[in-house]
Each structure stands twice: as structure tokens, then as C-alpha cells.
Amino acid sequence: MSLHDEATEAARHWHGRVVRLIRARENAVFEIETPLGRAALRLHRQGYQNPSSIRSELWWCSALAAAGVNVPQPLPARDGDLLVTSQDGRLASAIGWIEGKPLGDTGLRLPHALPVILDRHFALGRLVAQVHEATDRLTLPADFTRHRWDRPGLVGEAPLWGRFWEHPAATPAEAARLQRVRDWLAERLAANDGLDIGLIHADVLRENILVNDRALWLIDFDDSGVGYRAYDLGTALLGNLIEPEYAEIRDALVAGYATLRPIDRHTVEMFTLMRTCASVGWTMPRLAPDDPVHRRHLARCLDFADRIIR
């Protein structure tokens, strides 16, 4: 069965028809038309999240949307369930359509004037804080389950996205430097055991932030889990490492978050480094050995480590 055929079958659970493929990366996402209007249909990648974990994600998004946070609202299928299973076992879910354009593209400079960039990152910091604030007011279901972006999940012996310090494209000297970065991060986490931990989005990349006029929306909670709150801000800064105005963008993001919750920019940058490490690990099982992204991610990680580790 082709991907389009799978989407066509899944869309019927929402009395919908497939309009177009939006993207086919970790998950396949389609625009569909339903009797209630446009929606985004997600065919979940097999072997990443189990049904219980996906249901927990959808519950969280529903609760956030109900609290007035700018996140998409999951849509129940015709049987009332938020998650359906296709004939070949593929899991599918749907969310209400969010109008807007991504904040930017990974690897490309932002095309807007600096005042617009700073305004949007201030708003993004506040939106992330709203997610965390609203989440802390929730009572999670007893069966709520997501993976953990905690110390073992980031710099332990078996991180969620792999042992980045053993990347096969790294030279012996680079591997040694990556190991030192891992040790430095682990020491900092151990020394700061009072860091704010809770449910986080964990993938606040430019493509997952939609801009509609002046409003921002946070989408794609597929990687969400329990982890350090500052990791969300660190991830949001990842795409801005190439920007000449990085420091100003960082300060705008932190200032927006600080309107609702306390945060320290040095902690945020530590978690930006953490995310560059995780991204090195992410490439290993997903990309061909000769893909140039391996080298780019290694260079980004080590360059940023040199900037903040003293």
C-alpha cells in the first residue's frame, strides 16, 4: 500500500479526503478536508512511539488547547477516539488546521528585519512559558507515559537519540572532544539538580513554529516528554546559531519567557549545547554515511562548545 493509499484509508476515519502531502519525514503529514473543515492528518512512524505514548501526547495537546494555549487541537475520529489503526497497523491521528507559515527554515538565515525577528522570539519565549505554565496546572492521567529528556536521556550511557560521542564520522580528536563536552554537561546537570523539570515540547525548531500575523503557534509534539524546561528554549536557539544577531535573539527569547517564569540565559545556552549534541546522535541511524549533514552537525556542536565552555 502506498503512503497516499494509507492516508486515504486513515482519512476516512474522520470522514475526510486527502488534499495533499505536506511532508514525509519522521511522520507523514497530509492536509485533509473533513466535514468540519481542513485538518492535518499524521501517519505516525512505526517503532518510535507506542499507542499509549501517542494517546498521552494527544491528551496533553487537548488540555493545552482547552487552556487557551496556541497549540493544535486533536480531533476525534468518527468513533470518538483520537488515535486510529489502519489495516496494516499504522497509527494515525488528526489535528485542527493551523493557518500560518513556519518561523523559518533550518540552515537558512531568517529573511526578516531584526526588529521583527526579535519581536517574534520574544513572543516565542512567552509562548513556551505559557505551555509550561498551563502544564503545571494539569493533573496528568494515571496512564500518562512519554519518554524522558532527563540526564540519562541526554548524556547518560544510552541517550534517547544515541551515543553522540561515538559518531562514526567524527575523527578520533573530535570524538575525544565530544566526550569532554558530554562530561562537562553531565557535571553541570549534577551540580544543578534543582533545575525545572516537567513536560516539554523538546523540538521547538523553526519549522514547528507557525506565524499567523503576529500570533505564534507551536505544533508537532511527537518528541515531547518529561525533561528540563530550559531544553525547550535551548532547542529554539539551535537554528539561530548561524545568525549574526544571535545574542540579541537569545536575549529576546529569554526575556519573553521571563515574563511568566524565571530563567537564566547561561542555563539556556547550556541546553542549546545539549541539543547540538543530541542532534549529532540523531543523524547516526537516520542518514546515509556520506550525507554532509553529519559533518555540519559535528562542526556546529564543537564550535558552540568552544564558545560557551570555559
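We now turn to the structure provided with this report. (Residues numbered from 1 in each chain as written. Predicted model: local features only at pLDDT ≥ 70, side-chain atom pairs only at ≥ 80, totals over all residues. Heavy atoms only, no water.)

What to know about the overall build of the chain
- In terms of regular secondary structure, the chain is built from 9 helices and 11 strands.
- Computed over the C-alpha atoms, the radius of gyration of the chain is 19 Å, within 12% of the 19 Å expected from 2.2 N^0.38 for a compact globule of 310 residues.
- In terms of overall dimensions, the chain has C-alpha extents of about 60 × 40 × 40 Å along its principal axes.
- A burial count over the chain gives 52% of its 310 residues as buried.
- Pairs at least 24 residues apart make up 70% of the contacts formed inside the chain by residues separated by at least 6 positions.
- Total accessible area computed for the chain in this model is approximately 14,000 Å², and 53% of it derives from carbon and sulfur atoms. (Helix = DSSP H or I, 4+ residues; strand = E, 2+ residues; numbered from the N terminus. Rg over C-alpha atoms; globule rule 2.2 N^0.38 Å. Buried < 20%, exposed > 50% of the residue type's maximum accessible area, 1.4 Å probe, protein only. Contact = heavy atoms within 4.5 Å. Areas by Shrake-Rupley, 256 points an atom, 1.4 Å probe, with all protein chains shown as cover.)

Some points on helix H1 (residues 3-11)
- Residues of H1 that are buried: Glu 6, Ala 7, Glu 9, Ala 10 and Ala 11.
- As for H1, its buried residues are in contact with strand S1 (17-24), strand S2 (28-34), strand S3 (37-43) and strand S5 (91-96).

Focus: the sheet that holds strand S7 (residues 148-149)
- Strand order across the open sheet formed by 3 strands is S7-S11-S8, with mixed pairing between neighbours. At either end of the open sheet lies a strand with only one pairing partner, and these are S7 and strand S8 (197-200).
- Bridging between S8 and strand S11 (residues 225-228) involves 4 bridges; their strand directions are antiparallel. If you follow Ile 200 over to S11, its bridge partner there is Gly 225. (Pairing = 2+ DSSP bridges.)

Considerations on helix H8 (residues 265-286)
- The end-to-end C-alpha distance of H8, which contains 22 residues, comes to 32 Å, matching closely the 32 Å that a straight helix rising 1.5 Å per residue would cover.
- A large share of H8 lies buried, amounting to 16 of its 22 residues.
- Capping the start of H8 is the job of one residue whose side-chain oxygen sits 3.0 Å from the backbone nitrogen of His 266: Asp 264. (Expected span 1.5 Å × (residues − 1). Polar contact = N/O pair within 3.5 Å; in protein donor to acceptor, adjacent residues only side chain to side chain.)

Concerning the layout of surface pockets
- One number sums up the size of the second largest pocket: a volume of about 180 Å³.
- Lining the second largest pocket, in full, are Trp 184, Arg 188, Asn 192, Leu 195, Asp 264, His 266, Thr 267, Glu 269, Met 270 and Ile 308.
- Broken down by secondary-structure element, the contributors of at least two residues to the lining of the second largest pocket are helix H5 (172-191) and H8. (1 Å grid on protein atoms, 1.4 Å probe; cavity = no way out; pocket = protein on both sides within 12 Å on 5 of 7 lines; lining within 4 Å. Points joined across faces, edges and corners; volume = space filled by probe spheres on them.)

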